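# Observations on the model geometry
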Amino acid sequence: MNNKERYDRIVNEIFELNGMPINESMTRGNTEKWNSLLHLTFVTAIEDEFEIMLDTQDILNLTSYSAGLEIIDKYGADALRLTLIT
């Protein structure tokens, strides 16, 4: 399983998508379930899965699906390269 698949699994579980396709343009502003408590759960799940510790700025910047991919990439979690750019 590559990092994007691992990240997608987290998104699916945290936001209870029940296997529905992930909307890669999802943001904190357009996702009803994405509240402050779920945000912290999301952060913790990312940290646990990728064995990283997000800094405060990254936690604040985690406001969209694509931001999460960028943050994982920043920490070098297996050198994930964004597929959204290509």
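One can find the structure itself at the top, above this paragraph.
Residues numbered from 1 in each chain as written. Predicted model: local features only at pLDDT ≥ 70, side-chain atom pairs only at ≥ 80, totals over all residues. Heavy atoms only, no water.

What describes a pair of aromatic rings is the distance from one ring centre to the other and the angle between the planes of the rings. For the coordinates displayed, the defined rule picks out 5 aromatic pairs. When the ring of phenylalanine 15 is compared with that of tryptophan 34, the centres are 5.0 Å apart and the planes differ by 50 degrees; the resulting orientation is tilted. Here tryptophan 34 lies in the loop between helix H1 (3-14) and helix H2 (36-50) and phenylalanine 15 lies in the loop between H1 and H2, a separation of 19 residues in the sequence. Tryptophan 34 matches phenylalanine 15 in its accessibility class, with the two residues each being buried. Between phenylalanine 15 and phenylalanine 42, the aromatic rings sit 5.2 Å apart at their centres with planes inclined by 75 degrees, giving edge-to-face as the arrangement. With a gap of 27 residues between them, phenylalanine 15 in the loop between H1 and H2 and phenylalanine 42 in helix H2 connect regions that are remote in the sequence. (Phe/Tyr/Trp six-rings, centres within 6.5 Å; stacked < 30°, edge-to-face > 60°. Helix = DSSP H or I, 4+ residues; strand = E, 2+ residues; numbered from the N terminus. Buried < 20%, exposed > 50% of the residue type's maximum accessible area, 1.4 Å probe, protein only.)

Looking now at helix H4 (residues 65-74). With respect to burial, H4 is a largely interior element, 7 of its 10 residues being buried. By the burial criterion, the buried members of H4 are Tyr65, Ala67, Gly68, Leu69, Ile71, Ile72 and Asp73. Those residues of H4 that are buried lie in contact with H1, H2 and helix H3 (56-61). (Contact = heavy atoms within 4.5 Å.)

Let's shift gears to the layout of surface pockets. Where empty space is left can be seen by rolling a probe of water-molecule size over the atoms. In this structure, the largest pocket spans a volume of roughly 160 Å³. Phe15, Glu16, Leu17, Met20, Pro21, Ile22, Asn23, Met26, Thr31 and Lys33 are the residues that line the largest pocket. The residue makeup of the lining of the largest pocket, split by class, is 6 nonpolar, 2 polar and 2 charged. (1 Å grid on protein atoms, 1.4 Å probe; cavity = no way out; pocket = protein on both sides within 12 Å on 5 of 7 lines; lining within 4 Å. Points joined across faces, edges and corners; volume = space filled by probe spheres on them. Nonpolar A, V, L, I, M, F, W, Y, C, P; charged D, E, K, R; others polar.)

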